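Descriptive structure summary
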Amino acid sequence: MGIFARFNYRHNNGRLPFVGKIVDGQLLCGNFKLKRDESGKFITEQPEYFNSILEGAVTVLACSPFISDIFLSAGGKTIAIWDHNIKSAPVYRRERNAYITSGQWSPTRPALFLLGFQDGSIEVWDLLSNLYQPSVIRFMSTSAITSVSIQSLTENEHIVVAGDSKGVAYSMNLVPGFWIPKENELEEIQQMIEKEANRVLKESQPSSEDSKSSEKIPEEKPSKNLEDSAKTKVTDETVLANSYEEFLKLQEQELKNLNLQEDEDVLSNE
């Protein structure tokens, strides 16, 4: 199955829910709330698995800092955004040309996240501007980008900081449009995710044809000729009994013809 590589925690009502990633591309979720079993020992609930579409090791796992139960994941060349309550499929997914090695949400904008790639490039995604392509692509290094995030230098200055597999750090200035939230941005991205979540739930439900086929087949009504068939069965049994009696009579006659019956009578008299 693989091993746990990372957990992202979110404190909620005294519980510690988590989402975790495994090196074979699987995603799971659960919480660390303790409960007693039948013997009185404290145990934790078994985690649940998502129907992951990621290939290879999961390299990105980041909970949204703005929207509860939403998290970003990536593995291989696939990025996916999940609703914590929907395990069947992600609410958003895209394929990239290079292997994804890092990623993170923006700390100031709900609809913006960053990705780092094996070829040394980074991408800035703004879901309100474009759902299908990144807003910025920049080559930062000749080595894989292993970490990427947005950092605030001053109130009016934010930068993208990226680190590669050789331990070298790089930075890139961000224009205000990428760190200042847009008007009603949180509400709009929530509506978009809710719409996609409803679509996923609808697609995961069985179709009308499947539901019809799964309906119980009505039981057949008793045949009107049931009584007639019963009478026929009784008649057949009577015919067989009569035939057997005739067979016994013929057998007795044959024995007499062979003088075997008389011998049996003599033996019985003795």
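Residues numbered from 1 in each chain as written. Predicted model: local features only at pLDDT ≥ 70, side-chain atom pairs only at ≥ 80, totals over all residues. Heavy atoms only, no water.

- Within an unreviewed UniProt entry, the label attached to the protein chain reads WD repeat-containing protein 63, and the organism entered is Araneus ventricosus.
- As its UniProt record puts it under Subcellular location (unreviewed entry), the protein chain is described as follows: "Cytoplasm". (UniProt positions renumbered as here; feature names shortened; annotations may be inferred.)

1. Points about the overall build of the protein chain
- Secondary structure summary: the protein chain contains 4 helices and 17 strands in total.
- Out of the 270 residues in the protein chain, the part that is buried amounts to 34%.
- Long-range contacts, defined as pairs at least 24 residues apart, comprise 42% of the intrachain contacts of the protein chain with a sequence gap of at least 6. (Helix = DSSP H or I, 4+ residues; strand = E, 2+ residues; numbered from the N terminus. Buried < 20%, exposed > 50% of the residue type's maximum accessible area, 1.4 Å probe, protein only. Contact = heavy atoms within 4.5 Å.)

2. What about the sheet that holds strand β17 (residues 169-173)?
- If you walk across this open sheet you meet the 3 strands as β15-β16-β17, and the pairing is antiparallel. The strands lining the two open edges of the sheet, one partner per strand, are β15 (145-154) and β17. Within this sheet the neighbouring strands show an average axis-to-axis angle of 25°, counted without direction.
- Where β15 and strand β16 (residues 157-164) come together, 8 bridges link them in antiparallel fashion. (Pairing = 2+ DSSP bridges. Axes fitted to C-alpha atoms, helices over the stretch in contact; angles between N-to-C directions.)

3. What to know about the side chain of S64
- With respect to the helices, strands and loops of the structure, S64 is situated in the loop between β7 (58-63) and β8 (70-75).
- Side-chain polar atoms of S64 contact the backbone nitrogen of F66, separated by 3.2 Å. (Polar contact = N/O pair within 3.5 Å; in protein donor to acceptor, adjacent residues only side chain to side chain.)

4. Re unusual backbone geometry
- At D69, a position not held by glycine, the phi torsion is positive, near 70°.
- As for its position among the elements, D69 is in the loop between β7 and β8.
- For D69, a relative accessible area of 28% translates into the label partly exposed.

5. Some remarks on the nonpolar core
- I79, I81, F113 and L127 are the most contacted members of the largest nonpolar core, which has 25 residues in total.
- Broken down by secondary-structure element, the contributors of at least two residues to this core are β7, β8, β9 (78-83), β11 (100-105), β12 (112-117) and α1 (185-204).
- Looking at which element gives the most residues to this core, the answer is α1, with 5 residues.
- Excluding residues within four positions of it along the chain, L127 makes contact with I81, Y92, A111, F113, I189 and M192.
- By size, the runner-up hydrophobic cluster in this structure holds 15 residues, among which are V136, I145, M172 and F178. (Core = buried A, V, L, I, M, F, W, Y, C linked by side-chain atoms within 4.5 Å.)

6. Thoughts on the pattern of salt bridges
- Considering all chains together, one arrives at 7 salt bridges under this definition.
- E95 serves as the salt-bridge partner of R93, at 2.7 Å between the closest nitrogen and oxygen.
- Using a relative accessible area of 37% as the deciding quantity, one classes R93 as partly exposed.
- Across the pair R199 and E203 runs a salt bridge, and its minimum N-O distance is 3.2 Å. On the criterion of helical spacing, the pair formed by R199 and E203 is a turn pair, its members being 4 residues apart in helix α1. (Salt bridge = Lys/Arg side-chain N within 4 Å of Asp/Glu carboxyl O.)

7. Remarks on the side chain of R109
- Summarising the element assignment, R109 is placed in the loop between β11 and β12.
- Polar side-chain contacts of R109 include one of 3.0 Å to the side chain of E185.
- Once residues within four sequence positions are removed from consideration, R109 is found in contact with F66, D126, L128, G177, F178, W179, I180, P181, K182 and E185.

8. Points about the pairing of strand β3 (residues 27-31)
- For β3, the tally of buried residues reaches 5 of 5 residues, placing the bulk of the element in the interior.
- Pairing geometry for β3 and strand β6 (residues 48-49), over 2 bridges, is antiparallel. Bridge assignment links C29 to a residue of β6, and that residue is E48.

9. A word on the environment of R93
- Mapped onto the secondary structure, R93 falls in strand β10 (residues 92-95).
- When neighbours within four sequence positions are excluded, R93 is seen to be in contact with I53, T78, I79 and A80.
- Engagement of the side chain of R93 in a polar contact is seen with the side chain of E95, the distance being 2.7 Å.

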